[in-house]
Amino acid sequence: LEDGTIALVYIRIAETDALVSLVDAGVPALLALSEGSDVRVMFRASDISLAVIEKDKPMKLSFPNQIRGKVTQIISGPTLIIVHMETAAGPIVSAIIPSAAEAIGLKLGDEVTALFKALDVSLATDTDA
C-alpha cells in the first residue's frame, strides 16, 4: 500500500506471523518487490521492546509487529540487557535497559513477545535475484 510518499510492505514470516515495514514509496520498485518476493528483514536490537503477554489477560498494543518467542540467552551489563530469543522467524536480539528487564521479571526460557514499529523494519533483497 502506498500514498505517493510512503509505502507499507507486508511480509509473511511464518504461518501465523507477519511484519509490516513503513518505507519510502520508491523502495518497493528499487528492490523490485512484488507479491511473493523473497525479502530480508532487518532491525536494530535497540528498536525492539519486549513484553510478557498472558493468554488470559489480552492486551491492546499499538505495535504492528509482534513476534512471539522464547528467551534463550540473557547478557547483563550495567546499562543494557541483551536478550536473545528464538522465534518462528528465526533468532531475534533485543537490547533493553535493566529496569525494563526487571519490571517484567525476565529469565531464561520465558515466553516473550518482541514488539517493534513499522518504521524500525528495514528491507533488503538478494542482488542476484
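The rules we used
- Residues numbered from 1 in each chain as written.
- Predicted model: local features only at pLDDT ≥ 70, side-chain atom pairs only at ≥ 80, totals over all residues.
- Heavy atoms only, no water.
- Helix = DSSP H or I, 4+ residues; strand = E, 2+ residues; numbered from the N terminus.
- Buried < 20%, exposed > 50% of the residue type's maximum accessible area, 1.4 Å probe, protein only.
- Phe/Tyr/Trp six-rings, centres within 6.5 Å; stacked < 30°, edge-to-face > 60°.
- Contact = heavy atoms within 4.5 Å.
- Core = buried A, V, L, I, M, F, W, Y, C linked by side-chain atoms within 4.5 Å.

Visitor: Looking at this structure, I do not really get the environment of Gly 90. What am I missing?
Guide: With respect to the helices and strands, the residue Gly 90 is situated in strand S7 (residues 90–96). Classification of Gly 90 by relative accessible area gives buried; the value is 14%. Along the backbone, Gly 90 and Ala 114 are 24 residues apart, and their C-alpha atoms lie at a distance of 12 Å.

Visitor: I'm lost on the packing of aromatic side chains in this one. Help?
Guide: For any pair of aromatic rings, the description rests on two quantities: the centre-to-centre distance and the angle between the ring planes. Applying the stated rule across the entire model yields 1 aromatic pair. On the basis of an interplanar angle of 35° and a centroid distance of 4.5 Å, the ring pair of Phe 43 and Phe 116 is categorised as tilted. Of this pair, Phe 43 sits in the loop between strand S3 (40–42) and strand S4 (49–51) while Phe 116 sits in strand S8 (residues 111–116); the two residues are 73 residues apart in sequence, bridging distant segments of the chain.

Visitor: What is the right way to read the side chain of Asp 110 from this model?
Guide: Counting through the fold element by element, Asp 110 comes out in the loop between helix H2 (98–103) and S8. Excluding residues within four positions of it along the chain, Asp 110 makes contact with Gly 69, Lys 70, Val 71 and Gly 105.

Visitor: Please clarify how the nonpolar core should be interpreted in this entry.
Guide: Where a protein is soluble and globular, its nonpolar side chains tend to be buried together. Leu 50, Val 83, Ile 96, Leu 106, Ala 114, Phe 116 and Leu 123 are the most contacted members of the largest nonpolar core, which totals 22 residues. For this core, the elements supplying multiple residues, two or more each, are strand S1 (6–12), strand S2 (18–24), strand S5 (65–76), strand S6 (81–87), S7 and S8. Those residues in contact with Leu 106, other than ones at most four positions away along the chain, are Leu 50, Val 71, Ile 74, Val 83, Ile 96, Ala 101 and Val 112.

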